[in-house]
Each structure stands twice: as C-alpha cells, then as structure tokens.
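# Examining the three-dimensional arrangement
Spelled out from the first residue to the last, the chains are:
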Amino acid sequence: AQSVTQPDIHITVSEGASLELRCNYSYGATPYLFWYVQSPGQGLQLLLKYFSGDTLVQGIKGFEAEFKRSQSSFNLRKPSVHWSDAAEYFCAVGAAGGSEKLVFGKGTKLTVNP
Amino acid sequence: SQTIHQWPATLVQPVGSPLSLECTVEGTSNPNLYWYRQAAGRGLQLLFYSVGIGQISSEVPQNLSASRPQDRQFILSSKKLLLSDSGFYLCAWSVLAGLTDTQYFGPGTRLTVL
C-alpha cells in the first residue's frame, strides 16, 4: 500500500520569498501524485497532478512540482509567495493502473508574513 | 462542468442526536464518491467510499454510516452522535477515466457536537 509523508507541519515565509514544500511517498510501482490546497473553512482545491511524462509539472496559481523517482519525492515550489497563498497544503498519492482511493499526507500549514 | 454540493454548511448538534449530511454531484455520471473527516490537526481521514449505487466501503469502524440512494447522491448518517464526531466533513468525487483518479472536493460541512 502507498503512503505519504509531509515532513513539515508548519512553514513560515515572507511575502515575495520562494517556497518549497516537501512530500515523500512510498509505493512499489509508478505513482500518481497530487498537490491540493485548503484555505481555512473550505474544501480542497487541486493545484497540480503528475501521472507520467515530464517530471516537472505546472499547476494553478504559479505553483510547480517536480517528481523525482530516485528520491521518492514530489516537492511543491513557488518562486515568489503571495499573502493569499497562506493555507494548508496536502500531498496525495494514488496507485497507477487505477484505484478508487488516494492516500493523503497530514498537510503542511503555510503562514506568509508581510 | 462538474460541481459538487454539500449541505448544510454548518451544523451544531447535541450528543446523542441523529445526523444526516448530504452530498450531490452534477455534470458527471457514475462517479466514485467519498466521505472524509478532518479533525483539528489530524489531516484527512477517509470514512467511506462508493463506486456505485448501493455500494459502500467503510474504512474506519465507528458510529457513522453512509448510503448512496442515487447515482450522484451520497449521504452520511449517524443514529446517535458522539462528541468525537465533531469535525469538518468533506465529500469528494472522482471518475476513473484513463486510469486516473483525481478527486474533487466539495466545500465541506462543519459539525460541532455539544
């Protein structure tokens, strides 16, 4: 079975600074990988996903993520953070070949200082 | 386009009272449907999922139940609420198309049990 680890529970950055949120997964085959964002009191919104092909994936709101098979990682990045990016971010992994379920990490809460 | 609705948005219930949360999806057919719970600081917990009408899989034993009376309707119920049932409940849908299972989330229901 697959599993996901987000090592950072809480990250604080200054507005305009770069951001990298870490995600490590465990899965014996090719994974499907996702990043979601959740603003307070709201549902989860899909930022980006990786299924195959180019390992650098572009998403909405200026986010990107890179799949590194050798490191079992799918880190989320943004070159310049905006105050509106303050939210909780969840990484998730699904099983390639079709699966009804995703496994989610416990989330990383991002605080943005002015 | 597809949309997902949840109601009510907020609910305050006494311990021992019944519960019914509803989720409906528009714009797609035969979706997979999911119920998740978020307790404070504990990430996403998958409670139930359904791949078709009347087909329910339970992930965690508890005093909650789920039903799917129609293709695009998913209901979460309880006969007697416990304090520990408080949390943020999220419904999600996915469609296995091309062996992908991206999940899309509703806005959530905040349940407080007093």
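A short tour of the structure in this document, coming up. Predicted, not measured: the structure shown is a model, and the values here were computed from it.

Here we come to the overall build of chain B. On a plain count of helices and strands, chain B comes out with 0 helices and 11 strands. Reading the helices (α) and strands (β) of chain B from amino to carboxyl end gives β-β-β-β-β-β-β-β-β-β-β. Expected size for 114 residues packed as a compact globule is a radius of gyration near 13 Å; at 14 Å, chain B falls within 12% of this value. By its C-alpha atoms, chain B is 45 × 30 × 25 Å across when sized along the principal axes. Split into buried and exposed, the 114 residues of chain B put 48% on the buried side. When the accessible surface of chain B is totalled, it reaches about 5300 Å², and 55% of it is carbon and sulfur. Once the 7 positive and 6 negative side-chain charges of chain B are each reduced to a mean point, those two points are 10 Å apart.

With that settled, consider the sheet that holds strand β3 (residues 19–26) of chain B. Residues and elements named next belong to chain B. Strands sit in the order β1-β3-β8-β7 across an open sheet of 4 strands; the sheet is antiparallel. For this open sheet the edge positions go to β1 (3–7) and β7 (64–70), each flanked by a neighbour on one side alone. For this sheet, the mean inter-axis angle between neighbouring strands, taken without regard to orientation, is 20°.

So, on to unusual backbone geometry. Residue W7 of chain B is joined to P8 of chain B through a cis peptide bond whose omega torsion reads 0°. Here P8 of chain B is to be found in the loop between β1 and β2 (10–13). A positive phi angle is found at K61 of chain A, which is not glycine, with a value near 60°. Tracing the sequence through the fold places K61 of chain A in the loop between β7 (56–58) and β8 (64–68). On the basis of relative accessible area, K61 of chain A is assigned to the partly exposed category, the value being 45%.

In this structure the tally under the stated criterion is 6 salt bridges over all chains. Residue R68 of chain B is joined to D71 of chain B by a salt bridge in which the shortest nitrogen-to-oxygen separation is 3.3 Å. Under the relative-accessibility criterion, R68 of chain B is labelled buried at 3%. Classification of D71 of chain B as partly exposed rests on a relative accessible area of 21%. Taken together, the salt bridges that share partners define one network made up of E64, E66 and R77 of chain A.

Taken as a whole, this structure holds 16 aromatic pairs over all chains when the rule is applied. Look at F34 of chain A and F51 of chain A: their rings are 5.8 Å apart centre to centre, the planes differ by 75°, and that puts the pair in the edge-to-face class. Of this pair, F34 of chain A sits in strand β5 (residues 31–38) while F51 of chain A sits in the loop between β6 (44–50) and β7, placing them 17 residues apart in sequence. Each residue in the set Y32, F34, Y36, F51 and F104 of chain A together with Y34, Y36, Y49 and F105 of chain B is aromatic and connected to the rest through ring pairs, giving one cluster.

What follows is about the interface of chain B and chain A. Listed by partner, the interface residues are 23 residues for chain B and 20 residues for chain A. Taking both partners together, chain B and chain A bury about 1800 Å²; carbon and sulfur atoms supply 58% of that area. The interface formed by chain B and chain A contains 0 salt bridges. Put simply, chain B and chain A have 3 residue pairs in polar contact (both at pLDDT 80 or more) between them. The set of elements that each furnish at least two residues to the side of chain B that touches chain A consists of β4 (32–38), β5 (44–52), β9 (87–94) and β10 (104–105) of chain B. When its residues are assigned to classes, the side of chain B that touches chain A shows 13 nonpolar, 8 polar and 2 charged.

Conventions used here
- Residues numbered from 1 in each chain as written.
- Chains lettered and ligands numbered in written order.
- Predicted model: local features only at pLDDT ≥ 70, side-chain atom pairs only at ≥ 80, totals over all residues.
- Heavy atoms only, no water.
- Helix = DSSP H or I, 4+ residues; strand = E, 2+ residues; numbered from the N terminus.
- Rg over C-alpha atoms; globule rule 2.2 N^0.38 Å.
- Buried < 20%, exposed > 50% of the residue type's maximum accessible area, 1.4 Å probe, protein only.
- Areas by Shrake-Rupley, 256 points an atom, 1.4 Å probe, with all protein chains shown as cover.
- Lys, Arg positive; Asp, Glu negative; His and termini not counted.
- Charge placed at Lys NZ, Arg CZ, Asp CG, Glu CD.
- Pairing = 2+ DSSP bridges.
- Axes fitted to C-alpha atoms, helices over the stretch in contact; angles between N-to-C directions.
- Salt bridge = Lys/Arg side-chain N within 4 Å of Asp/Glu carboxyl O.
- Phe/Tyr/Trp six-rings, centres within 6.5 Å; stacked < 30°, edge-to-face > 60°.
- Contact = heavy atoms within 4.5 Å.
- Buried area = accessible area lost by both parts, 1.4 Å probe.
- Polar contact = N/O pair within 3.5 Å; in protein donor to acceptor, adjacent residues only side chain to side chain.
- Nonpolar A, V, L, I, M, F, W, Y, C, P; charged D, E, K, R; others polar.

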